[in-house]
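Single-letter residue listing:
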Amino acid sequence: MKVMGIETSCDETGVAVVENGTGILSNVVASQVDFHRPYYGVVPEIASRKHTEAIALVVQDALDLSGLGKEDLDGIGVTYRPGLVGSLLVGLCFAKALAYGLGIPCVGVDHIEAHLYAAHIGRKIPFPYIGLLVSGGHTLVTVVRDFFDYDVVGTTIDDACGEAFDKVAKFYDLGFPGGAAVDALAAKGDAHAFDFPMPSLRKGNHAYDVSYSGLKTAVVNQLKQFQRPGKEATPENIAASFQRRAIDMIVKRALAASADFGIPLIVVGGGVAANSYLRARLKGETGVEAVFPEMALCTVNGAMIAGLGYHGLRAGHVSGLDLNAEPRVPAFRKTYP
Ligand code: KG4
């Protein structure tokens, strides 16, 4: 079964053709990063306009590279949530129109579920596992029993992990996108030059939650207070010390969930899954196995949408033409009594 995946939830137009959920025939990503760089963040209005310009070309490119014609497609998966609503609508309208014109089914795919699916591409992963989703907009610890059957057991109570990387990078002018820039600088820095605080959220309902606002404030506003004697405040040292704390926080929560639920397999997804310290840190843990997506599949792409779309279609999930964009998913934010 050949499924096209269309992804336009933020600032990348991603289209892929994937066979049977895991064989990538093509995977094209048109990045808008140069248009957003001057603002150090994604400007929603620019993002949706650029998707409109790119979508038809990227779809054609993905078809050409796959060696297929559009009549060879068996279905279309499209991101419908969560994301920037103007951006989501571009991919959604295009996908619904294309599926309608071709007379094939279209299924709405959740971008966050798809990030966790990315590690499944190219390998077989058994259920259950602890799904650790770390992206620019979300930070989730989940217990995953099947592709569409999971519980969110932990989340961020303020900023997302990737967002903290981006904000620190913006404040110190380290580069854009921030996560990759901090990662590269950190490789040349001393991760113990600063002893930044680690939030303690172990109580009750917060057992697997994280919080980044305190760490961000410490790095941005209270640098001197956390500087160790004899250590220099170089960009490399700030990046390495921040990264250690930011990543250790999610690793701690994922390991706690793994131990408490008795599930020794951790599957990571989302842009921060590309982080070299996170990869090394989890792979170095004994007693748990960590699985990461290929580097190219950590950040936004159409292949993970096509892959999960295939499983949705096989399970009989078909969306109607009334499928709408949903900017937020309430289940990804925990509610507290
Ligand atoms: O998953 P993604 O591409 O988009 C969302 O769905 O949000 O994630 C983008 C996020 C950004 O915050 C970016 O700074 C972060 O992933 N990121 C990284 C790295 N590469 C991308 N964070 C830390 N280390 C990296 N190497």
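The present account deals with the structure reproduced in this document. Everything numeric here is computed off the predicted structure, so don't read it as measured data.

Rules of the game
Residues numbered from 1 in each chain as written. Predicted model: local features only at pLDDT ≥ 70, side-chain atom pairs only at ≥ 80, totals over all residues. Heavy atoms only, no water. Near = heavy atom within 4 Å. Polar contact = N/O pair within 3.5 Å; in protein donor to acceptor, adjacent residues only side chain to side chain. Areas by Shrake-Rupley, 256 points an atom, 1.4 Å probe, with all protein chains shown as cover. Helix = DSSP H or I, 4+ residues; strand = E, 2+ residues; numbered from the N terminus. Nonpolar A, V, L, I, M, F, W, Y, C, P; charged D, E, K, R; others polar. Salt bridge = Lys/Arg side-chain N within 4 Å of Asp/Glu carboxyl O. Buried < 20%, exposed > 50% of the residue type's maximum accessible area, 1.4 Å probe, protein only. Contact = heavy atoms within 4.5 Å. Phe/Tyr/Trp six-rings, centres within 6.5 Å; stacked < 30°, edge-to-face > 60°.

1. Observations regarding the site of the ligand
- The full set close to the ligand counts 18 residues, and H111, H115, G136, D166 and G271 are the nearest of them.
- Within the side chain of H115, one N or O atom sits 2.9 Å away from an oxygen atom of the ligand.
- Protein contacts shield 87% of the accessible area of the ligand, which totals 550 Å² for the unbound molecule.
- Only α4 (111-117), α5 (161-171) and α6 (178-186) provide two or more residues apiece to the shell around the ligand.
- Counted by class, the shell around the ligand contains 5 nonpolar, 11 polar and 2 charged residues.

2. Quick word on the pattern of salt bridges
- According to the stated counting rule, one finds 16 salt bridges in the structure shown.
- Between R37 and D34 there is a salt bridge, with its nearest N and O atoms 2.7 Å apart.
- By relative accessible area, which is 36% here, R37 ends up partly exposed.
- According to the relative accessible area criterion, D34 is exposed, its value standing at 54%.
- One salt bridge in this structure joins K216 and D159, with 2.6 Å as the shortest N-O distance. You can see K216 sitting in helix α7 (residues 213-221) and its partner D159 sitting in the loop between β8 (149-155) and α5, a full 57 residues away along the chain. D159 carries the same exposure label as K216, and that label is buried.

3. Details of the environment of V90
- For V90, the position within the fold is in helix α3 (residues 85-102).
- Distance in space between the C-alpha atoms of V90 and G269 is 24 Å, their sequence separation being 179 residues.
- With near-sequence residues (within four places) excluded, V90 lies in contact with T8, S48, H51, T52 and I55.

4. Structural notes on the packing of aromatic side chains
- In the structure shown here, the tally under the stated rule is 9 aromatic pairs.
- Summarising the aromatic geometry, the rings of F127 and F147 are spaced 5.1 Å apart at their centres and angled 85 degrees between planes, so their arrangement reads as edge-to-face. Of this pair, F127 sits in the loop between α4 and β6 (129-134) while F147 is found in the loop between β7 (139-146) and β8, placing the two residues 20 residues apart along the sequence.
- We classify F147 as buried; its relative accessible area is 19%.
- Note on F196 and F226: the rings are 6.1 Å apart at their centroids and 55 degrees apart in plane angle, and the pair reads as tilted. Of this pair, F196 sits in the loop between α6 and α7 while F226 is found in the loop between α7 and α8 (235-261), placing the two residues 30 residues apart along the sequence.

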